Amino acid sequence: TNMNHLNQITSTRRFRAGLTGVALLGVALLGIPQSAHAELGITDVGKGFLPNGDIIYTVKVHLDPGDAVPWHYHAGPGWAVMLSGTLTQDDGCGAPLEQFTAPQAFSEIPGKVHTAYNAGTEPVELIWTEIYPACYDAELGFIGWVFVDGPRCEGNSGQSHLEKIEGCPDDAGQ
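Nothing here was measured: the structure is a model prediction, and the numbers come from that model. (Residues numbered from 1 in each chain as written. Predicted model: local features only at pLDDT ≥ 70, side-chain atom pairs only at ≥ 80, totals over all residues. Heavy atoms only, no water.)

Caption draft 1: Region of the structure containing the overall build of the protein. When helices and strands are counted, the protein shows three helices and eleven strands. Here the protein, with 174 residues, has 44% of them falling under the buried criterion. If you take every contact in the protein between residues at least 6 apart in sequence, the share linking residues at least 24 apart comes to 70%. Only carbon and sulfur atoms are counted for the fraction: they give 54% of the accessible area of the protein, which is about 8700 Å². (Helix = DSSP H or I, 4+ residues; strand = E, 2+ residues; numbered from the N terminus. Buried < 20%, exposed > 50% of the residue type's maximum accessible area, 1.4 Å probe, protein only. Contact = heavy atoms within 4.5 Å. Areas by Shrake-Rupley, 256 points an atom, 1.4 Å probe, with all protein chains shown as cover.)

Caption draft 2: Representation of the side chain of Gln-89 in the model. With respect to the element layout, Gln-89 can be found in strand β6 (residues 86-90). Note on Gln-89: relative accessible area 2%, which makes it buried. Separated by 3.2 Å, the side chains of Gln-89 and Asp-91 make a polar contact. Non-local contacts of Gln-89, meaning those with residues more than four positions away in its chain, are made with Leu-97, Glu-98, Phe-100, Phe-106, Glu-108, Lys-112, His-114, Thr-115 and Ala-116. (Polar contact = N/O pair within 3.5 Å; in protein donor to acceptor, adjacent residues only side chain to side chain.)

Caption draft 3: Summary view of the environment of Lys-164. Within the fold, Lys-164 resides in the segment after β11 (145-147). For the pair Lys-164 and Pro-110, spaced 54 residues apart in the sequence, the C-alpha separation amounts to 8.4 Å.

Caption draft 4: Representation of the sheet that holds strand β7 (residues 98-101) within the structure. Strands sit in the order β7-β6-β9-β4-β11 across an open sheet of five strands; the sheet is antiparallel. What marks the edges here is a single partner per strand, and that holds for β7 and β11. Strand-to-strand twist of the sheet, defined as the mean angle between neighbouring strand axes without regard to direction, takes the value 35°. (Pairing = 2+ DSSP bridges. Axes fitted to C-alpha atoms, helices over the stretch in contact; angles between N-to-C directions.)

Caption draft 5: Fine view of the pairing of strand β5 (residues 78-84). For β5 and strand β8 (residues 105-108), the ladder comprises four bridges, and the chain directions are antiparallel. Along β8, the bridge assignment pairs Ala-80 with Phe-106. Taken together, the six bridges between β5 and strand β10 (residues 124-132) define a ladder with antiparallel strand orientation. Bridge pairing in β10 places Trp-79 opposite Thr-129.

Caption draft 6: Structural context of unusual backbone geometry. Following Ala-102, the chain continues into Pro-103 via a peptide bond in cis, with omega recorded as 5°. Looking at the secondary structure, you find Pro-103 in the loop between β7 and β8. In the Ramachandran plot, Cys-93 falls in the positive-phi region, its phi being about 60° despite a non-glycine side chain. Looking at where Cys-93 falls in the secondary structure, it is placed in the loop between β6 and β7. Overall, Cys-93 belongs to the buried group, its relative accessible area being 17%.

Printed below as a string of structure tokens:
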């Protein structure tokens with residue numbers, strides 16, 4: 001059942017994340033190491049349910065030099081604290097790149113499409129906490145991240161459209 005799925009937590013998740021054609025173009029243009037697949041280290045720190053039924057989930061993310069997180073958005077708000085390395089974030093659409101280093105913190109709003117990568121020479125480690133509707137955990141099976149082909153740009157403004165976050169059906173998790 002969905003509730004059983006929501007309660008299953010593994011101590012460490014390793015997954016293969018393929019970069020899309022848009023991300024590969026960015027890799028070629030930015031001179032980022034051209035790895036078509038990046039193995040990302042995601043280690044569960046803790047997961048729980050808030051009184052409203054939403055999930056709060058904290059993980060430790062490890063990116064080796066050259067690793068990238070494909071284009072995605074978050075189903076809920078999220079916060080990161082950098083532990084080591086330099087994380088580069090690309091929101092696409094011609095927006096300037098952002099870089100985060102320890103001990104910086106940053107946040108993400110729901111629906112903002114972006115990609116992040118380690119273009120440095122040392123590993124990136126960060127702690128990520130996100131709050132998201134329980135149905136996203138059941139549907140995606142992975143911390144409220146929704147992978148997409150890239151941002152939907154608003155003309156030449158350097159801005160992208162926020163993706164709509166659908167609410168959970170009334171019977172989610174039952």
